[in-house]
Amino acid sequence: AGPAKARALLKRFPTIADPGADKILLFSGLEVRPALESNGVRALARLGHAVEGKSYANSYKSAIAALNSLGPPDRDRLIAAFQILRAHGQTLCKRSAPVCLSCPLDATCAHVVTKLL
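Just so it is clear, the model here is predicted, and its values are computed rather than measured.

Caption draft 1: A look at the environment of Gly40. Relative to the elements of secondary structure, Gly40 occurs in helix H3 (residues 38-46). Among the residues examined, Gly40 registers a relative accessible area of 0% and is labelled buried. As for Gly40 and Thr15, which are separated by 25 residues in sequence, their C-alpha atoms are 19 Å apart. When near neighbours in sequence (up to four residues on either side) are disregarded, Gly40 contacts Leu85 and Arg86.

Written as structure tokens, this is what we have:
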């Protein structure tokens, strides 16, 4: 049993891949590992903490690696990161129309710097 078996079972559902399985396992308390959805992945990449890959899977792995580098896994911290990065990506760091001027992180944002160059 355990998280590996739960992950395999979850991924048998048509719309569940690594991001969905990671989220379910984290929020249910079955496994303490980083989880993100597309808004969080985009926000971390634009902030310069992850690499936006040619595929979403590569971008996701890079963003998860960035969260893993922050220290030992802590469920509450990882859930907070998921929620904060998701909200940031939905409200300010939008896919097609980011609101950089309203963002409190724009002074350190790699996306803003590359847009200005």
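Caption draft 2: The arrangement of the packing of H3 against helix H4 (residues 56-68) in detail. H4 packs onto H3 with a crossing angle of 70 degrees between their chain directions and a minimal axis gap of 9 Å. As the angle between them shows, H3 and H4 are arranged roughly perpendicular. Handedness of the crossing formed by H3 with H4: left-handed. Contacts between H3 and H4 involve Ser38, Val41 and Leu44 from the former and Tyr56, Ser59, Tyr60, Ala63 and Leu67 from the latter.

Caption draft 3: Up close: the environment of Asp22. Structurally, the position occupied by Asp22 is in helix H2 (residues 18-28). Between the alpha carbons of Asp22 and Leu36 there is a distance of 7.8 Å; along the sequence they are 14 residues apart. Residues within four places of Asp22 in sequence aside, it is in contact with Arg7, Arg33, Pro34, Ala35 and Tyr60.

Caption draft 4: The arrangement of the pattern of salt bridges in detail. Tallied over the entire structure, the rule returns seven salt bridges. Here Arg7 makes a salt bridge to Glu31, at a shortest N to O gap of 3.5 Å. Of this pair, Arg7 sits in helix H1 (residues 3-10) while Glu31 sits in the loop between H2 and H3, and the two are 24 residues apart along the sequence. The exposure class assigned to Arg7 is buried, which follows from its relative accessible area of 13%. When its relative accessible area of 18% is taken as the criterion, Glu31 is described as buried. Asp22 is the salt-bridge partner of Arg33, the closest N and O atoms lying 3.5 Å from each other. Of this pair, Arg33 sits in the loop between H2 and H3 while Asp22 sits in helix H2, placing them 11 residues apart in sequence. Accessibility expressed as a relative area gives 2% for Asp22, which makes it buried. It is possible to trace a salt-bridge network through shared partners that takes in Arg7, Lys11, Asp18, Asp22, Glu31 and Arg33.

How each quantity is defined
- Residues numbered from 1 in each chain as written.
- Predicted model: local features only at pLDDT ≥ 70, side-chain atom pairs only at ≥ 80, totals over all residues.
- Heavy atoms only, no water.
- Helix = DSSP H or I, 4+ residues; strand = E, 2+ residues; numbered from the N terminus.
- Buried < 20%, exposed > 50% of the residue type's maximum accessible area, 1.4 Å probe, protein only.
- Contact = heavy atoms within 4.5 Å.
- Axes fitted to C-alpha atoms, helices over the stretch in contact; angles between N-to-C directions.
- Parallel < 35°, antiparallel > 145°, perpendicular 65-115°, else oblique.
- Left-handed = near helix turned anticlockwise from the far one by under 90°.
- Salt bridge = Lys/Arg side-chain N within 4 Å of Asp/Glu carboxyl O.

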